[in-house]
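# Reading the structure
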Amino acid sequence: MPSHSFLSKSSAPGKIILLGEHAVVYGRPAIAVPVWEVTAEAAIAQNERGCGCTIIAHDFEREIQLSNAPEDEPLALAARKTFALVGLTAEPDWTIGLRSTIPIASGLGSGAAVSAAIIRAICHQLNVNIDDATISQLIYECETLHHGTPSGIDNTVIAHGMPVWFIKGEPPVPFKQDKPFKIVIGDSGIMAPTKESVGDVRLGWLHEPEKYERLFDAIEHLVKEGRECIASGDLKLLGEIFDRNHTLLQQLSVSHPLLDVMVQAARDAGAFGAKLSGGGRGGNMIALVRNEEACAVKNTLMRTGANRVLVTTI
Ligand code: PMV
C-alpha cells in the first residue's frame, strides 16, 4: 500500500443554541440544533513509517504525535479515548488529517465537532459500531478540557446530529416542529472562550444566588414557551422569545457591545427576533427570519461588523 493511502473519512456539524444557554449549566432546559453548513472533517490515512499515530490539524498547521502529546491535549485525548473504548492497545500507524470550517471559540461547537469527527473516523476505520450516546459521552470527556463544567449540550447535539431539547444529565429529546424556519448566524469575529463566561456566571451565582436563580428560572420559562412556538409554528412569538432571552443574557453579563449592535440591527432589518448564541462575550448571534428577510438581515449584519454570516434552515 502506498504511504498515506486514504482509508476513512468522517464529519460532524457545528451547532447553535436557540434558547437557554448558561441556565442549562444549572439544570434548566435548552434547545439546540446542528448546523450542517459548517463541519469538522477527519480523514485517516495509513502511514508506513512505523511511527504510530499523528494528528495533523491542517487549519492550524499543527502536527501532534500521539505518543508525545501531553495528557490534556484535546485532539490526542479524543483519539486515545476512542482507542481505549474499542480495546486497541497498540497505537496504529495512521495519519489523522483534520479540517474544519467551524470558527473556533465562537459558540458553534467547534471543539466538540472536531472530537466527534476524530472518534467517528477511528470507529469507521476499525469497523466498530458505537452508538451516538457513547460518542456523546466521549466528546463530553474531551469537552471538560475546553469548558471546565460543560452542561453536555454541545456534545449531545453534535453527536446526535439532530435538534434537541436538552436537560443536563438526561437523554436528549427530539422536539416537534410545525414548519421549517430560517436562522441567520452572525459571527462577531470576537473569540471568547466559553470557559471564561461560564466561570464568570458561576462567580456571579455564588455571590448573588437568588438573583441568578431568578434569571435562570426566567430563561427556563422562555425555553418552554419557545418549544411550544416551534411546535405550533408561531414564529412571531418565537422571535419575541429570542429578544427576551437576549435581555436575560445581558443581565447575566455575557453579552458584548458588538453583539448587542448586531442583534438590534437584525431586528431593524426585519428579523422576528435575535439573541446571542452560546457562551457570549463575543462569538455568534442568531436571528430568526422569514425567507424573504434572510438576505436583508445577512447584508445588514455584514455592514454592522460581522466577520461572517451563515444562513441555516431548521
Ligand atoms: O460552546 P458554546 O459557546 O456554545 O457554549 C455552550 C453553552 C453554555 O451554556 C454557555 C455552556 C454549557 O456548557 O452549556
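Residues numbered from 1 in each chain as written. Predicted model: local features only at pLDDT ≥ 70, side-chain atom pairs only at ≥ 80, totals over all residues. Heavy atoms only, no water.

## Concerning the confidence of the model for the protein
If pLDDT is low for a region, its predicted coordinates should not be looked at in detail. So the rule is basically this: Across the chain, each position has a pLDDT score giving the predictor's confidence in that residue, from 0 to 100. Helix and strand definitions follow DSSP, with helices as H or I runs of at least four residues and strands as E runs of at least two, each counted in order from the N terminus.
For the protein, per-residue confidence averages 92 on the pLDDT scale, and residues scoring 70 or more make up 97% of the total. Taken element by element, the protein is modelled with least confidence in helix α3 (residues 132-147), mean pLDDT 87, and with most confidence in helix α7 (residues 235-251), mean pLDDT 98.

## A word on the state of the cysteines
Worth spelling out the cut-off: Note on disulfides: each one is a pair of cysteine sulfur atoms within 2.5 Å.
As enumerated under the stated definition, the model contains zero disulfides in all. Summary of cysteine pairing: Cys142 is not part of a disulfide, and the nearest cysteine sulfur, belonging to Cys123, is at 12 Å.

## Structural notes on the packing of helix α5 (residues 194-207) against helix α6 (residues 209-232)
Packed helices, taken two at a time, are described by the angle their axes make and the gap between the axes. This is how it is decided: Under this scheme, a helix contributes an axis fitted over its contacting stretch, all axes are lines through C-alpha atoms, and angles between N-to-C directions fall in the 0 to 180 degree range. Each angle gets one of four labels, with under 35 degrees taken as roughly parallel, over 145 as roughly antiparallel, 65 to 115 as roughly perpendicular, and the rest as oblique. Residues count as neighbours in contact if any of their non-hydrogen atoms are within 4.5 Å of one another.
Packing of α5 against α6 brings their axes to within 5 Å, and their N-to-C directions diverge by 120°. One element, α5, and the other, α6, form an angle in the oblique class. Here Val201, Gly204, Trp205, Leu206 and His207 of α5 lie close against α6, whose contacting residues are Pro209, Tyr212, Glu213 and Phe216.

## Looking at the site of the ligand
What counts, and what does not: Any residue with at least one heavy atom within 4 Å of a molecule or strand is counted as near it. Counted as a polar contact is a pair of N or O atoms within 3.5 Å, where, for protein atoms, one must be capable of donating a hydrogen and the other of accepting one, and residues adjacent in sequence contribute only when both atoms are in side chains. What sets the accessible areas is the Shrake-Rupley method with a 1.4 Å probe; for residues, cover comes only from the shown protein chains. Following the grouping adopted for this structure description, the nonpolar residues are Ala, Val, Leu, Ile, Met, Phe, Trp, Tyr, Cys and Pro, the charged ones are Asp, Glu, Lys and Arg, and the polar ones are all others, Gly among them.
Taken together, 16 residues surround the ligand, and among them Lys15, His22, Ser151, Asp154 and Thr194 come closest. Between the ligand and the protein, one listed contact pairs an oxygen atom with a backbone N or O atom of Gly279 at 2.9 Å. Here the ligand loses 97% of its free accessible area of 380 Å² to cover by the protein chains. Mapped onto the shell around the ligand, the elements with two or more residues apiece are β1 (5-19), α4 (153-160) and α5. The residue inventory of the shell around the ligand, partitioned by class, reads six nonpolar, seven polar and three charged.

## Let's talk about the sheet that holds strand β8 (residues 273-277)
In a beta sheet, neighbouring strands are held together by backbone hydrogen bonds and run either parallel or antiparallel to one another. Stated precisely, the cut-off is as follows: We treat two strands as partners when DSSP finds at least two bridges between them.
In space, the four strands of this open sheet follow the order β8-β9-β7-β10, with antiparallel pairing throughout. Bordering the open sheet on either side are β8 and β10 (308-313), each of which pairs with just one other strand. With direction set aside, neighbouring strand axes in the sheet form an average angle of 25°. By the bridge criterion, six bridges tie strand β7 (residues 182-187) to strand β9 (residues 284-289) in an arrangement that is antiparallel. Bridge pairing in β9 links Lys182 to Val289. Along the sheet, α7 contacts β7, β8 and β9; its crossing angle with β8, the most-contacted strand, is approximately 40°.

## Some details on a nonpolar patch on the surface
Put simply, the rule reads: Patch definition: residues with relative accessible area over 30% and no salt bridge; like charges joined within 9 Å; nonpolar side chains (Val, Leu, Ile, Met, Phe, Trp, Tyr) joined within 5 Å. Basic side-chain nitrogens of Lys or Arg form a salt bridge, by our definition, when they fall within 4 Å of a carboxyl oxygen of Asp or Glu.
A surface patch of nonpolar side chains, about 320 Å² in accessible area, is lined by Phe60, Ile104 and Met191. With respect to the helices, strands and loops of the structure, Phe60 is situated in the loop between β3 (54-57) and β4 (62-65).

## As for helix α8 (residues 257-268)
In an α-helix, one turn spans 3.6 residues; hence positions three or four apart end up facing the same way. Definition in use: Here a helix's expected span is defined as the number of its residues, less one, multiplied by 1.5 Å. The classification of residues rests on relative accessible area computed with a 1.4 Å probe and restricted to protein chains. Under 20% of the type maximum is buried, over 50% is exposed, and intermediate values are partly exposed. As used here, the arc belongs to the directions running from the helix axis to the C-beta atoms.
The end-to-end C-alpha distance of α8, which contains 12 residues, comes to 17 Å, matching closely the 16 Å that a straight helix rising 1.5 Å per residue would cover. Within α8, the full set of buried residues consists of Leu259, Met262, Val263, Ala265 and Ala266. Along the axis of α8, the buried residues cluster in a sector spanning 165°; they form a single face. Residues Pro257 and Asp268 are exposed on α8 and point more than 90 degrees away from its buried face. Considering only its buried residues, α8 is in contact with β7, α7, β8, β9 and α9 (291-304). Backbone geometry just after α8 places Gly270 at a positive phi near 110°.

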